[in-house]
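Structural overview
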Amino acid sequence: MKNYTIRNLLEFKEDDLLLSLVSDEKTLDNPINFAHLNRPGLALAGFLDRFSYDRIQVLGETEVIYLQSLSEDELYEKIKDIYSYSIPCLIVSKGLTLPYIAVDLANNMNIAILSSRLSTIKLYNGLSRYLNNYFASEKTIHGTLVDVFGAGVLLTGKSGIGKSECALDLVTRGHGIVTDDTVTIKVLDDALVGMPPQKFGHFMEIRGVGIINIEKMFGIQRVRFNHNIELQIELMPWKDNFDYERLGLVSNWVEHLGVNIPVINLPVSPGKNVSVIIEVAVMNYILKKNGYHAAEDYAKILQEEIKRKTKV
Amino acid sequence: MITKDVSVSNKLGLHTRPSALLVKTATKYRSELMIIKDGMEINGKSIMGVMMLAAEFNSLITLQADGVDEEYLMNDLLELFETKFGEE
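Residues numbered from 1 in each chain as written. Chains lettered and ligands numbered in written order. Predicted model: local features only at pLDDT ≥ 70, side-chain atom pairs only at ≥ 80, totals over all residues. Heavy atoms only, no water.

Okay, the overall build of chain B next. Along its length, chain B carries three helices and four strands. Over its C-alpha trace chain B gives a radius of gyration of 11 Å, about what one expects of a compact globule, namely 12 Å for 88 residues. If you line up chain B on its principal axes, its C-alpha atoms span 35 × 25 × 20 Å. For chain B, with 88 residues in total, the buried portion stands at 52%. Taken as a whole, chain B presents about 4,400 Å² of accessible surface, with 51% of it coming from carbon and sulfur. Each charge sign in chain B was given a centre, from 9 positive and 14 negative side chains, and these centres are 6 Å apart. (Helix = DSSP H or I, 4+ residues; strand = E, 2+ residues; numbered from the N terminus. Rg over C-alpha atoms; globule rule 2.2 N^0.38 Å. Buried < 20%, exposed > 50% of the residue type's maximum accessible area, 1.4 Å probe, protein only. Areas by Shrake-Rupley, 256 points an atom, 1.4 Å probe, with all protein chains shown as cover. Lys, Arg positive; Asp, Glu negative; His and termini not counted. Charge placed at Lys NZ, Arg CZ, Asp CG, Glu CD.)

Encoded structure:
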């Protein structure tokens, strides 16, 4: 688990959540351990069973007005109940102000309070998206990620099998490249997303030539900064006794971070145009995804023909 | 070269699964395999070719093996037909 604190959250500026710190600076180092958010309406009203205290608590206008409507004693008791769970932090939307008792008590009990000028729904969605991305499980693997007809294709295979050359060929045929040689994979919304491990730009090593810059060479339209991974194609040297899929009636799957994607074992041999085969494999995958399965269609036609002849 | 006539022994005929099994068996050997049915002559190592025959139950096909291991290939193929490709 990565160490993530209130300070990190406040430093996040890319998709600005317009956050500012309300409580003391000593609360900046409080840890945030979960990506999930909670609206503590019921907990504030006194129902503390199943209170998701380990999540960031987001307070909207309703909750704040409710707190403001309470007498000082009532407010003190309710807030103290909530704080005693040592919640990671409270975030108030719309730039609303909490009663000073709530802030005072937070400082005493070392609870962080943040304020955002965004509306509750924008804050909730933005924060949720950002934290889910940050806490997403990830791994980095050896492979090349390309965008072929809009489908992210992960090319894998031993070093020297020709992944980079293949990606280069696809780029010259109008497809896009996300990253060469090393791919960082994350799980977002139960789908795999791949990106370069570092923001170094789209460089690639071609044996015999050296390092090239894809973006400078082919332009911005040939590069992607991240892409969903839908299909894996494993390039392997041709083996006489390997059981290659001939019909395509059986699908093989590979698992990454708990997500299964189809995998195609593609034999490569000198003189074989691999990128054309990859284009075809992707188009076939897209057809299947949209409900047309060529192998099944063929099998059906064949079966009908055999049946017709059997009757005669 | 060995030539043998066999009849398709399984009820469903040479649909996708038996065709794939036949081709997979044939590609294990170095000998060439030709299959002849109703005047169509196809390569027994080509899946599309074999399926194109659409050989139905009880129809006659001719197997033609040619090469160094033709006997082994033929024996293996005949066994497939005898065992009805593992079907009914």
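Structure shown, so let's carry the discussion forward.
All names here are of chain A. A cluster of acidic side chains, namely Glu72, Asp73, Glu74, Glu77 and Asp81, defines a negative patch on the protein surface. Structurally, aspartate 81 is set in helix H4 (residues 72–83). Among the residues examined, aspartate 81 registers a relative accessible area of 38% and is labelled partly exposed. (Patch = residues over 30% accessible without salt bridge, like charges linked within 9 Å, V, L, I, M, F, W, Y side chains within 5 Å. Salt bridge = Lys/Arg side-chain N within 4 Å of Asp/Glu carboxyl O.)

Quick look at the pattern of salt bridges now. Applying the stated criterion across every chain yields a total of 12 salt bridges over all chains. Residue glutamate 63 of chain A is joined to arginine 39 of chain A by a salt bridge in which the shortest nitrogen-to-oxygen separation is 3.2 Å. Of this pair, glutamate 63 of chain A sits in helix H3 (residues 61–69) while arginine 39 of chain A is found in the loop between strand S2 (37–38) and helix H2 (41–44), placing the two residues 24 residues apart along the sequence. Ionic pairing is found between lysine 186 of chain A and glutamate 138 of chain A, a salt bridge with its closest N-O pair at 3.8 Å. Of this pair, lysine 186 of chain A sits in strand S10 (residues 182–188) while glutamate 138 of chain A sits in strand S6 (residues 138–142), and the two are 48 residues apart along the sequence. When its relative accessible area of 38% is taken as the criterion, glutamate 138 of chain A is described as partly exposed. Look at the salt bridges and you will find they share partners, linking Lys309 of chain A together with Lys37, Asp38 and Glu56 of chain B into a network.

This part is about the sheet that holds strand S1 (residues 2–7) of chain B. Residues and elements named next belong to chain B. Spatially, the four strands line up as an open sheet ordered S1-S4-S2-S3, and their pairing is antiparallel. Each edge of the open sheet is held by one strand with a lone partner, namely S1 and strand S3 (40–43). Neighbouring strand axes in the sheet, compared pairwise and without regard to direction, differ in orientation by 25 degrees on average. (Pairing = 2+ DSSP bridges. Axes fitted to C-alpha atoms, helices over the stretch in contact; angles between N-to-C directions.)

So, on to the domain arrangement of chain A. Each assigned domain of chain A is listed with its residue range as follows: domain 1 (6–135) and domain 2 (138–298). Taken over C-alpha atoms, the centre of domain 1 of chain A sits 43 Å from the centre of domain 2 of chain A. (Domains from an automatic or database assignment.)

Before going further, it helps to examine the sheet that holds strand S9 (residues 176–179) of chain A. Residues and elements named next belong to chain A. Strand order in the open sheet formed by six strands is S9-S7-S8-S15-S17-S16, and the pairing between neighbours is mixed. The open sheet has two free edges, formed respectively by S9 and strand S16 (252–256), since each of these has just one partner strand. The mean angle between the axes of side-by-side strands here comes to 35 degrees, regardless of whether they run parallel or antiparallel. The sheet contact formed by strand S15 (residues 231–237) and strand S17 (residues 259–268) spans six bridges and is parallel. Paired with leucine 235 across the two strands is leucine 266, which belongs to S17. Sheet contacts for helix H7 (residues 163–172): strand S7 (144–148), strand S8 (151–156), S9 and S15; angle to S7, the most-contacted strand, approximately 20 degrees. With respect to the sheet, helix H9 (residues 274–289) is in contact with S7, S8, S15 and S17, its orientation differing from that of S17 by roughly 145 degrees. (Contact = heavy atoms within 4.5 Å.)

Here the focus is the packing of aromatic side chains. In total, this model carries eight aromatic pairs over all chains according to the counting rule given. Look at tyrosine 4 of chain A and tyrosine 134 of chain A: their rings are 4.4 Å apart centre to centre, the planes differ by 50 degrees, and that puts the pair in the tilted class. Of this pair, tyrosine 4 of chain A sits in the segment before helix H1 (6–11) while tyrosine 134 of chain A sits in helix H6 (residues 120–135); the two residues are 130 residues apart in sequence, bridging distant segments of the chain. For tyrosine 4 of chain A, a relative accessible area of 2% corresponds to the buried category. Given the relative accessible area of 23%, tyrosine 134 of chain A is considered partly exposed. Where phenylalanine 81 of chain B meets phenylalanine 85 of chain B, the ring centres are 5.0 Å apart and the plane angle is 70 degrees; that geometry is what we call edge-to-face. On the basis of relative accessibility, which here comes to 4%, the residue phenylalanine 81 of chain B falls in the buried class. Members of the aromatic cluster, connected to one another through ring pairs, are Tyr4, Tyr130, Tyr134 and Phe135 of chain A. (Phe/Tyr/Trp six-rings, centres within 6.5 Å; stacked < 30°, edge-to-face > 60°.)

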